[in-house]
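Commentary on secondary and tertiary structure
The primary structure of each chain is shown beneath.
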Amino acid sequence: MAKQNSVAATRKLRSSYFTTTISISLVLFLLGLIGILLLNANRLSNYVKENLGLTVMLQNDAKDAEVKKIQKSLSASALVKSVTYLSKDEAAEQLKADLGEDFVEFLGENPLLSSIDVKLYAEYSTPEGMEKIKQMVANYPEVKEVFYQKDMVNLIHENVRTISLVLLAFSLLMLLVAITLINNTVRLMVYSKRFLIRTMQLVGATNGFIRRPFIGQSVVQGVVGGLIANMLLACIIYISARELSGVIGFDNIMVVVTLFGFVFAIGVIMTLCSTLVAVNRYLSVRAADLYV
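Cut-offs applied
Residues numbered from 1 in each chain as written. Predicted model: local features only at pLDDT ≥ 70, side-chain atom pairs only at ≥ 80, totals over all residues. Heavy atoms only, no water. Helix = DSSP H or I, 4+ residues; strand = E, 2+ residues; numbered from the N terminus. Areas by Shrake-Rupley, 256 points an atom, 1.4 Å probe, with all protein chains shown as cover. Axes fitted to C-alpha atoms, helices over the stretch in contact; angles between N-to-C directions. Parallel < 35°, antiparallel > 145°, perpendicular 65-115°, else oblique. Left-handed = near helix turned anticlockwise from the far one by under 90°. Contact = heavy atoms within 4.5 Å. Nonpolar A, V, L, I, M, F, W, Y, C, P; charged D, E, K, R; others polar. Core = buried A, V, L, I, M, F, W, Y, C linked by side-chain atoms within 4.5 Å. Buried < 20%, exposed > 50% of the residue type's maximum accessible area, 1.4 Å probe, protein only. Pairing = 2+ DSSP bridges. Expected span 1.5 Å × (residues − 1). Patch = residues over 30% accessible without salt bridge, like charges linked within 9 Å, V, L, I, M, F, W, Y side chains within 5 Å. Salt bridge = Lys/Arg side-chain N within 4 Å of Asp/Glu carboxyl O. pLDDT = per-residue confidence, 0-100. Phe/Tyr/Trp six-rings, centres within 6.5 Å; stacked < 30°, edge-to-face > 60°. Lys NZ or Arg CZ within 6 Å of the ring centre and 35° of its normal.

Right, let's talk about the overall build of the protein chain for a bit. Scanning the protein chain from N- to C-terminus turns up 10 helices and 4 strands. What you see in the protein chain, going N to C, is helices and strands ordered as α-α-β-α-β-α-α-β-α-β-α-α-α-α. Here the protein chain displays about 17700 Å² of accessible surface, and carbon together with sulfur accounts for 62% of that area.

Listed below in structure tokens is the structure:
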């Protein structure tokens, strides 16, 4: 009977240890995801800005030599990242693919115009930068019209700073939540062993002797939790870099290493600190309060 109780207690202890470690790992993983988002916030912002370009509509009778001249002029600008020419035939093919039917055959002619798509660098993708490029090409006789999503450009330009501040505040909040969750998880683990602490005190064990196994276990849990979280983050980074290339990237390996180190350090430090606080509490608590 005593043996069965001992086996049951051992299994319960292992289950508690496993559950605590997994909980710490998931919290650290969530914290790491926020770190990934922060590291790529500027890249995401630039991606959005650089996809808000201008469209230069050309006259029907625009000559190739003049069109190339306009393209060369745009490419030479320090504001412009890329210039893409789209002929009227290519525009018709794209529209046919979108509509799912041949509108050219129905109309008997291609009513579309050739165009030049202009993308600006993120720092110049502002209302002022857009207007500057628009004024630069609008005077060419081969240009019929220049337009861009003015309202969208204004909206993004005005709100990008606000979004960054909100993201930073959210990240700090998530850091606080992560610390609180780790602290509560460790406290529950120590709480389950409060009677063991009292028993060790009754047989004359010193406070340092009682703390030692708890500290060792907390460090191991922090290390294991940090390693599991970093392995999960490595998988997310690999998949993101492959599937969302251009939107999310990790070109600087030192930044990634720093993120992993931060997650690992938070896991070890928080579990250690939480364990010390919880154990010290039960070292000084009255016997009657152990049942509360």
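Below, the discussion takes up the packing of helix H7 (residues 150–191) against helix H10 (residues 253–284). At a minimum axis distance of 9 Å, the contact between H7 and H10 shows a crossing angle of 45°. Classed by the angle they form, the pair H7 and H10 counts as oblique. When you trace H7 past H10, the crossing you get is right-handed. Contacts from Leu-175, Ile-179, Ile-182, Asn-183, Val-186, Arg-187, Val-190 and Tyr-191 in H7 reach Phe-262, Met-270, Thr-271, Ser-274, Thr-275, Ala-278, Val-279 and Tyr-282 in H10. The residue inventory of the contact of H7 with H10, partitioned by class, reads 11 nonpolar, 4 polar and 1 charged.

Time to look at the nonpolar core. Grouped together as the largest cluster of nonpolar side chains are 29 residues, with contacts concentrated most on Leu-28, Val-190, Ile-197 and Ile-210. Among the elements that line this core, the one with the most residues is H10, at 9 residues. Setting aside residues no more than four positions away along its own chain, Leu-28 makes contact with Ile-182, Gly-225, Gly-226, Ala-229, Val-263, Ile-266 and Gly-267. Grouped together as the second largest cluster of nonpolar side chains are 22 residues, Val-56, Val-67, Val-137 and Val-143 included.

The next thing to look at is the packing of helix H8 (residues 194–202) against helix H9 (residues 207–243). Between H8 and H9, the shortest axis-to-axis distance is 10 Å and the interhelical angle comes to 145°. Crossing handedness for the pair H8 and H9: right-handed. Two secondary-structure elements touch here, H8 through Ile-197, Met-200 and Gln-201 and H9 through Asn-207, Phe-209, Ile-210 and Phe-214.

Taking strand neighbours across the sheet as the criterion, the 4 strands line up as S2-S3-S1-S4 in an open arrangement whose pairing is antiparallel. With one partner strand each, in any of the chains shown, strand S2 (80–86) and strand S4 (143–148) form the two edges of the open sheet. Shown here is a sheet whose adjacent strand axes are inclined to one another by a mean of 20°, direction ignored. Strand contacts of helix H3 (residues 64–75): strand S1 (54–58), S2, strand S3 (115–120) and S4, with the helix running at about 165° to S2, the strand carrying the most contacts.

Since there are 3.6 residues in each turn of an α-helix, residues three or four apart along the chain are aligned in direction. Compared with an ideal rise of 1.5 Å per residue, which puts 12 residues at 16 Å, helix H4 (residues 88–99) spans 16 Å between its outermost C-alpha atoms and is within 8% of the ideal. Looking one or two residues beyond H4, the residue adopting positive phi is Gly-100, at roughly 80°.

Before going further, it helps to spend a moment on a nonpolar patch on the surface. A cluster of nonpolar residues, Phe-170, Leu-173, Leu-176, Val-177 and Leu-181, forms a patch on the protein surface that exposes about 430 Å² of accessible area. Here Leu-176 shows up in helix H7.

The predicted model of the protein chain has a mean per-residue pLDDT of 79, with 87% of residues at 70 or higher. Looking at the elements of the protein chain, mean pLDDT is at its lowest for helix H5 (residues 103–107), recorded as 67, and at its highest for S3, recorded as 88.

Let us look at the environment of Asp-61. Mapped onto the secondary structure, Asp-61 falls in the loop between S1 and H3. Asp-61 sits in the exposed class, given a relative accessible area of 64%. Counting along the chain gives 53 residues from Asp-61 to Ser-114, while the straight-line C-alpha distance between them is 9.9 Å.

Attention shifts here to the environment of Gly-216. Tracing the backbone shows Gly-216 in helix H9. For the pair Gly-216 and Thr-275, spaced 59 residues apart in the sequence, the C-alpha separation amounts to 9.9 Å.

This part covers the packing of aromatic side chains. This model, assessed by the stated rule, comprises 0 aromatic pairs. Stacked on the ring of Tyr-191, the Lys or Arg Arg-194 has its end atom at 3.8 Å from the ring centre.

This part is about the environment of His-157. Secondary-structure assignment places His-157 in helix H7. In this structure the C-alpha to C-alpha distance between His-157 and Thr-126, which are 31 residues apart in sequence, comes to 6.3 Å. The contact partners of His-157, leaving out residues within four places of it in the chain, are Thr-126 and Pro-127.

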